[in-house]
Amino acid sequence: MAGDEDAFVYDEASGEWISAAEAAAKAGSADAVEVRDAVGNLLADGDQVTLIKDLTVKGAGQTLKRGTLIKSIRLTGDPQEIDCRYEGIRGLVLRAEFVRKR
């Protein structure tokens, strides 16, 4: 009988039998979401971004001006949203289309 390293699983997307190691690698890469800023730069957790336009923050009664630096962003799993902190505003979520990587 073959060992576990020779195990194969059926990949429904391609309709082929692939090795278990290849299936695990494919599943790991599917979980990674690419988040890109307004000019196409790839964003990652901990990056610093700058706003490219004035944004009115609902519920805070405050406007973030163009050029405002946001430090230490976190990716949310959504390709269009980033979670960040800014003084005086809790739970700030920005759309990636309004920021540029610094």
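Below is a summary of the structure that appears in this document. (Residues numbered from 1 in each chain as written. Predicted model: local features only at pLDDT ≥ 70, side-chain atom pairs only at ≥ 80, totals over all residues. Heavy atoms only, no water.)

Some points on the overall build of the protein
Broken down by element type, the protein carries 1 helix and 12 strands. Ordered by position in the sequence, the α and β elements of the protein form the string β-β-α-β-β-β-β-β-β-β-β-β-β. Sequence separation of 24 or more characterises 45% of the internal contacts of the protein that already satisfy a separation of 6 or more. Carbon and sulfur atoms make up 47% of the accessible area of the protein, which totals about 7,200 Å². (Helix = DSSP H or I, 4+ residues; strand = E, 2+ residues; numbered from the N terminus. Contact = heavy atoms within 4.5 Å. Areas by Shrake-Rupley, 256 points an atom, 1.4 Å probe, with all protein chains shown as cover.)

Some thoughts on the nonpolar core
Counting 16 residues, the largest nonpolar core has L43, V49, I73, I82, L92, L94 and V99 as the members making the most contacts within it. Contributing elements (two or more residues each) for this core: β5 (49–51), β6 (55–57), β10 (81–86) and β11 (89–95). Top contributing element to this core by residue count: β11, with 3 residues. (Core = buried A, V, L, I, M, F, W, Y, C linked by side-chain atoms within 4.5 Å. Buried < 20%, exposed > 50% of the residue type's maximum accessible area, 1.4 Å probe, protein only.)

Digging into the sheet that holds β10
As summarised here, the arrangement of the 3 strands in space is β9-β10-β11, forming an open sheet in which the pairing is antiparallel. Bordering the open sheet on either side are β9 (74–75) and β11, each of which pairs with just one other strand. Examined bridge by bridge, β10 and β11 share 5 bridges and lie antiparallel to one another. Each residue of the ladder has a partner; that of Y86, found in β11, is I89. (Pairing = 2+ DSSP bridges.)

Comments concerning the sheet that holds β5
Taken in spatial order, the 3 strands of this open sheet run β8-β5-β12, and their pairing is antiparallel. In this open sheet, the two strands that pair with only one neighbour each are β8 (69–70) and β12 (99–101). Across 2 bridges, β5 lies against β8 in antiparallel orientation. Residue pairing for β8: T50 is matched across the bridge by L69.

Examining the side chain of D83
One can find D83 in strand β10. Within the structure, the side chain of D83 is placed 2.2 Å from the side chain of R74, a separation counted as a polar contact. Setting aside anything within four residues of it in sequence, one finds D83 in contact with I73, R74, T76, L92 and V93. (Polar contact = N/O pair within 3.5 Å; in protein donor to acceptor, adjacent residues only side chain to side chain.)

Concerning the pairing of β10
Here β9 runs beside β10; their pairing, made up of 2 bridges, is antiparallel. Its bridge partner being in β10, L75 is matched across the sheet by I82. In this antiparallel pair of consecutive strands, β9 and β10, the connection spans 5 residues, and G77 shows a positive phi of 100°.

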